[in-house]
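In case you want the letters, here they are:
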Amino acid sequence: MIQQSNNWVPLFPEKASSFAWQVDALYFYLIAISAFFTVIVVAAIFYFAIKYREKEKFQNGAEIHGSLLLETTWTAIPFLLSMTIFLGGAIVYYNQYRPPKDAMEIYVVGKQWMWKFQHPTGQREINELHVPVNRRIKLIMTSEDVIHDLYVPAFRTKADAVPGRYTTLWFEATKPGKYHLYCAEYCGLNHSGMIGWVYVMEQKDYENWLAGNVSSQTPAQAGRELFEAKLGCASCHQQTDQGRGPKLAGLFGKQVKLTNGQTVVADEEYIRNSILNPQGQIVEGYQPIMPTFKGQVTEEQLVALVEYIKSLGNETASMSK
Amino acid sequence: MEKVEVRAEQTKPNYLNNGYSVWSWLFTKDHKRIAIMYLISISVIFLIGGIYAAGIRLELLTPQSDLFETGTYNKVFTHHGIIMVFLFLIPAIPAVLGNFLIPIMIGARDLAFPRINLLSLYIYWLGSAIILWALLQGGVDTGWTFYTPYSTTFSNTYVVATGLGIFINGFSSILTGLNFIVTIHTMRAPGMTWFRLPLFVWAHYATSLVMILGTPVVAITILLVALERIARIGIFDPTIGGDPILFQHLFWFYSHPAVYIMILPSMGVISELISNFSRKRIFGYEFIAFSSIAIAVFGFLVWGHHMFVSGQSIYAGLVFSILTMIVAVPSAIKVFNWTATLYKGQVSYDTPMLYALGFIGLFLIGGLTGLFLGAMGMNVHLTDTYFVVAHFHYVMVGGTVLGYLGGLHYWWPKMTGKLYSEFWGKISAMLVFIGFNLTFFPQFILGYMGMPRRYAAYPPELQVLNIFSTAGASVLGVGLLLPVIYLVHSLVWGKKAPDNPWLLPGLEWRTSSPPPTENFEQTPVVTWEAYDFSDENGLDVEKVKKELATV
Ligand SMILES: [Cu+2]
Ligand SMILES: [Cu+2]
């Protein structure tokens, strides 16, 4: 395919994300610094060891104790250089850290030993992820069992998928192709089999792919079903504030005041916790009567609920449905 | 006449001919005998760990998982890690070389608490026996890092037993550390001021601090994992309200400093070797001494650099990253001072010195690649790949093992009273250096290519580099087996070692080889600085030279 390099000894993985070049640049900078110190030290060792090799048995070397000037120099220079490395590392990290607002969101659930993906339009995949090129993609990840780690070397990025919480990872693929996808956190028996491929496609191909894999339901639709029928959330959470629980429309992204005086932002993690551990964060003005749904909903159902509540963001739209 | 003298020398009482029964060893309070028993135990352990390493490299010769079942492979690398880290690297230099030499180097009769010293050996045996038993029963497959919730909830292997062994072993470290600190504080010979201490002793002082402060944390952490497995108390397992990331904090809070438990003593050995084989005072004594302490202190503040991708906040990450950069500086200072020590020296290339020079090169690479991993943006790509594996082997094998071997060769004549073959010594030092680089350098590239660690199978395009690595491992294996042969050979057939085979000023060279049970016939009085070659400070140079001429 397009992917594999034909080098006998490969040195670099494919470069296929918007920040891959930054990581590579940092890598070259670090190699340059390492080469600089290695050459200096190794050359000095060879030079001294040869020039000052023992001339006569049990002759003593010169009386030298040290030099404050030298000590200061070789403390200061490595220190300053290490600070530039720190800065470089911090900048590259910062660029990857906060996912952009307009990113397309894909849910990822890791489980021993497979990766499950769900697209916003409902398509599900296992160990394969199809994404459009030049679009920002945000992965919202969790795990059903142990810690896994989603790693795409060609994108120069990875992040842990941790059970019991959501973590995020974002990238923008820049080059169509097929790239390795690994689990990088040891997760038991088949860890080295928890691998797959990321297919980066032109927008058009991606749309064709989506069309060829129509799904019965988007996550939000599945969530609505759970919310209204299966789990009975709607009996307390109604369209108005009249119900026993707060109305959830417009909740996502809002500041929520809790009874313990804290204010938190209602993100995916917050909604997830509200469902699994409602007693942990009681909304101001309400009674702690919401039952926990821990053990009754799967990770996928949680994803659906979260997506549904997010989709209520636009109140009128959800009313008209 | 000369012959008579030699015979008289041989029958001189020393710690080895002071009783031959098994009991005289098992119930000894002599730090030297305890060190020898550690040496034997640790060598056996190293051999076992090495066999597992061979298993790993053989499996990785081909891209498929074919030599072992995947589950077996997981156990093989787990056992390799646990054995090498907890049973070899942590105790090796302190328990063998430190135990033997610290009292002699400071002019003391023994450690401050000889019985506790023996107790720590028994604890080490007990802990190791439990671990080996667990491995034989079926073993563990969690990786030596025991990450939760895999270790608490999912692994069906002997996690509790192994954890118990590690927990018990921790007390051996703690007691040894305590013993060293008290000894160094209270038992220095008259005139042996703090700034006359050999740097080997300073390095062990710093190591002991880390042992005492850090080991209890990992002991408790492993205990908590066991409790979680047995009683489901809900600390690490998220399904019962625990936090799996908490484990990582606790584990690395110890395990990063543990890296320094492994490397600091080795740095101490290297300071001795570089200075003595240049026949010259070490460059910047105070800077090397205090850099050890700085490493020990800052080493406790960088654990989060293992967690840049586990959802740690960016602010915590920034602090850990900058501190990681700072902790690299004292190591750099040491490297520069060692190099500068060679300047205008009288450098000889005996086996120990070859190890020391090899150490500088490998440790340099190990340290510099640590900067790659400490830079956050770089770490995201490299963590949990073979880059990390290569990095810590450069530090742990290139650093600790080379230092250990250098020190073992250097003090071998003192410890055993026998001279080993210089020829074979040099050959093996070179094989180790070459084999090591061939094994681990390709792994840096594999890591950048994205090969995850702990994989039994890998994409075929990475095979060539893995073949290099396995080939290198065979060379390394030969290089490491040779010393076993020629050192043991020297015990029986080796020439008798003179008291001071290199005409060096340190206290350990002023007593006989092997030393008497009480170390010195009379308590020495120290009037010279460490590594002071300027005048011979009471050494009878002519006598030593004459003695050397006879071997
Ligand atoms: Cu995994
Ligand atoms: Cu660390």
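Everything here concerns the structure above.
The structure contained in this document is the topic of the report that follows. Every chain is numbered independently, its residues counted from 1 as its sequence is written. By the order in which they are written, chains take letters starting at A while ligands take numbers starting at 1. Only residues with pLDDT of at least 70 get local features here, since the model is predicted, and only at 80 or more are side-chain atom pairs given and counted; chain-wide, interface and lining totals rely on the full set of residues. Side-chain measures were taken over the full set of non-hydrogen atoms in the model, leaving aside hydrogen atoms and water.

Focus on the coordination of the copper ion (ligand 2)
Residue and element names in this part refer to chain B. Note the following rule: Water is not part of the atom set, so a site may look incomplete; the donors themselves are N, O and S atoms within 2.8 Å of the metal, or 3.2 Å for Na, K and Ca. Secondary structure follows DSSP: runs of H or I at least 4 residues long count as helices, runs of E at least 2 residues long count as strands, and numbering of each begins at the N terminus. A simple rule labels every residue: compare its accessible area, found with a 1.4 Å probe on the protein chains alone, to the largest value its type can have, and call it buried under 20%, exposed over 50%, or partly exposed in between.
The protein atoms donating to the copper ion (ligand 2) are His256 (ND1), His305 (NE2) and His306 (NE2), with metal-donor distances spanning 1.7 to 2.0 Å. Each donor residue of the copper ion (ligand 2) belongs to the same chain, with the gaps between them written as H-x48-H-H. Linking histidine 256 in helix H10 (residues 244-277) with histidine 306 in the loop between helix H11 (285-298) and helix H12 (314-342), this pair joins segments that are 50 residues apart in sequence. Assessed through its relative accessible area of 7%, histidine 256 is described here as buried. The partly exposed category is assigned to histidine 306, whose relative accessible area is 26%.

Section: helix H9 (residues 199-231) of chain B
Residues and elements named next belong to chain B. Convention followed: Given the number of residues in a helix, its expected span is that number minus one, multiplied by 1.5 Å. A residue's bend is the angle separating two fitted axes: one through the seven residues that end there, the other through the seven that start there.
With 33 residues, H9 extends 47 Å from end C-alpha to end C-alpha; this agrees with the ideal 48 Å at 1.5 Å per step. The largest bend along H9 measures about 35° and falls at glycine 214, with the proline proline 216 one to four residues further on. Following H9 by one or two positions, arginine 232 has its phi on the positive side, about 50°.

Remarks on the coordination of the copper ion (ligand 1)
Octahedral metals with six donors have ideal donor angles of 90 or 180 degrees. Tetrahedral metals with four donors have an ideal donor angle of 109.5 degrees. All names here are of chain A. Threshold: In short, tetrahedral needs four donors with all angles between 85 and 135 degrees, square planar needs four and octahedral six donors with opposite donors over 155 degrees apart and all other angles between 65 and 115, and whatever is left is irregular.
Bound to the copper ion (ligand 1) are the protein donor atoms Cys183 (SG), Glu185 (O), Cys187 (SG) and His191 (ND1), situated 2.1 to 2.5 Å from the metal. The coordination sphere of the copper ion (ligand 1) comprises four donor atoms, whose angles at the metal cover 86 to 126°; the geometry is tetrahedral. All donors to the copper ion (ligand 1) come from one chain, and their sequence spacing reads C-x1-E-x1-C-x3-H. You can call glutamate 185 buried: its relative accessible area is 5%. Classification of cysteine 187 as buried rests on a relative accessible area of 0%.

Re the packing of H10 of chain B against H12 of chain B
All names here are of chain B. What counts is decided by this rule: Axis lines are fitted through C-alpha atoms, for helices just across the contact stretch, and the angle between N-to-C directions can take any value from 0 to 180 degrees. An angle below 35 degrees is treated as roughly parallel, one above 145 as roughly antiparallel, one from 65 to 115 as roughly perpendicular, and anything else as oblique. The hand of a helix crossing depends on one turn: near helix anticlockwise from the far one by less than a right angle means left-handed, and clockwise means right-handed. Residue contacts are counted whenever heavy atoms from the two residues lie within 4.5 Å of one another. Under the scheme applied, nonpolar residues are Ala, Val, Leu, Ile, Met, Phe, Trp, Tyr, Cys and Pro; charged residues are Asp, Glu, Lys and Arg; polar residues are all the others, including Gly.
One way to put it is that H10 packs onto H12 with a least axis distance of 10 Å and a crossing angle of 15°. Considering the angle they form, H10 stands roughly parallel to H12. Of the two elements, H10 crosses H12, and the hand of that crossing is left-handed. Of the residues in H12, those in contact with Tyr260, Met267, Ile270, Ser271, Ile274 and Ser275 of H10 are Val327, Ser331, Lys334, Trp338, Thr341 and Leu342. The residue makeup of the contact of H10 with H12, split by class, is seven nonpolar, four polar and one charged.

As far as function goes, none of this settles anything; it's purely spatial.
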